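Understanding the architecture of this molecule
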Amino acid sequence: RERWGSQTSSGIPLRNDRPTMAHRTYVLRGWMRVTNKKTGKTLVLQVTDRGPFKKNRCADLSEAAARQLGIDGLGKVRLEPMERWK
């Protein structure tokens, strides 16, 4: 497990208590609307890191983001890239 303060690919310090996410190819520091397919809960998250590097996974959520979306472990989500977020 990485410690808080480790650098993400975007240069933003890693903080699992903040709702963020990792994506393999989407622009770093870009925004993504993430919806839990099971519950319909939605969050807008900033892509701060690269990953996941495991087969058949499209994104890694921070612990805070997963908790807010009601995901415990693995879950199915819909990802919608956002052109801009203020």
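Preceding this paragraph is the structure being described.
Residues numbered from 1 in each chain as written. Predicted model: local features only at pLDDT ≥ 70, side-chain atom pairs only at ≥ 80, totals over all residues. Heavy atoms only, no water.

1. Things to note about the overall build of the protein
- When you go through the protein residue by residue, the secondary structure sums to 1 helix and 5 strands.
- Each helix (α) and strand (β) of the protein, taken in turn from the N terminus, gives the series β-β-β-β-α-β.
- When the backbone C-alpha atoms are referred to their principal axes, the protein occupies close to 30 × 30 × 25 Å.
- Counting the 86 residues in the protein, one finds 36% classified as buried. (Helix = DSSP H or I, 4+ residues; strand = E, 2+ residues; numbered from the N terminus. Buried < 20%, exposed > 50% of the residue type's maximum accessible area, 1.4 Å probe, protein only.)

2. Notes on the nonpolar core
- Counting residues in each nonpolar core, the largest one holds 13 residues, and the members touching the most others are Met21, Met32, Val34 and Leu45.
- Sorting the residues of this core by element identifies strand S2 (31–36), strand S3 (42–49) and helix H1 (63–69) as the ones contributing at least two each.
- Discounting chain neighbours no more than four positions away, the residues touching Leu45 are Pro19, Thr20, Met21, Gly30, Trp31, Met32, Val34, Leu61 and Ala65. (Core = buried A, V, L, I, M, F, W, Y, C linked by side-chain atoms within 4.5 Å. Contact = heavy atoms within 4.5 Å.)

3. Re the layout of surface pockets
- Empty space within the largest pocket amounts to approximately 910 Å³.
- As for the largest pocket, its lining consists of 34 residues, of which Pro52, Ala59, Asp60, Leu61 and Ser62 are closest to the centre.
- The set of elements that each furnish at least two residues to the lining of the largest pocket consists of strand S1 (20–23), S3, strand S4 (59–61) and H1.
- For the lining of the largest pocket, the class distribution of residues is 13 nonpolar, 10 polar and 11 charged. (1 Å grid on protein atoms, 1.4 Å probe; cavity = no way out; pocket = protein on both sides within 12 Å on 5 of 7 lines; lining within 4 Å. Points joined across faces, edges and corners; volume = space filled by probe spheres on them. Nonpolar A, V, L, I, M, F, W, Y, C, P; charged D, E, K, R; others polar.)

4. Overview of the environment of Thr20
- Assignment of secondary structure puts Thr20 in strand S1.
- Overall, the relative accessible area of 18% leaves Thr20 in the buried class.
- For the pair Thr20 and Met32, spaced 12 residues apart in sequence, the C-alpha separation works out to 9.6 Å.
- Apart from residues no more than four positions distant in its own chain, Thr20 is found in contact with Leu45, Gln46, Thr48, Asp60, Leu61, Ser62 and Ala65.

5. Here's the deal with the side chain of Thr48
- Here Thr48 shows up in strand S3.
- Taking relative accessible area as the criterion, Thr48 reaches 5% and is therefore assigned buried.
- The contacts of Thr48, once residues within four sequence positions are left out, are Thr8, Ser9, Ser10, Ile12, Thr20, Met21 and Leu28.

6. Quick word on the pairing of S2
- Summarising the sheet, S2 and S3 pair through 5 bridges and their orientation is antiparallel. The residue bridging Trp31 from the neighbouring strand is Gln46, located in S3.
- Linking S2 to S3, which pair antiparallel, is a turn of 5 residues; within it Gly40 sits at a positive phi near 80 degrees.
- Pairing of S2 with strand S5 (residues 77–82), which is carried by 6 bridges, proceeds in the antiparallel orientation. Bridging across to S5, Val34 finds its partner in Leu79. (Pairing = 2+ DSSP bridges.)

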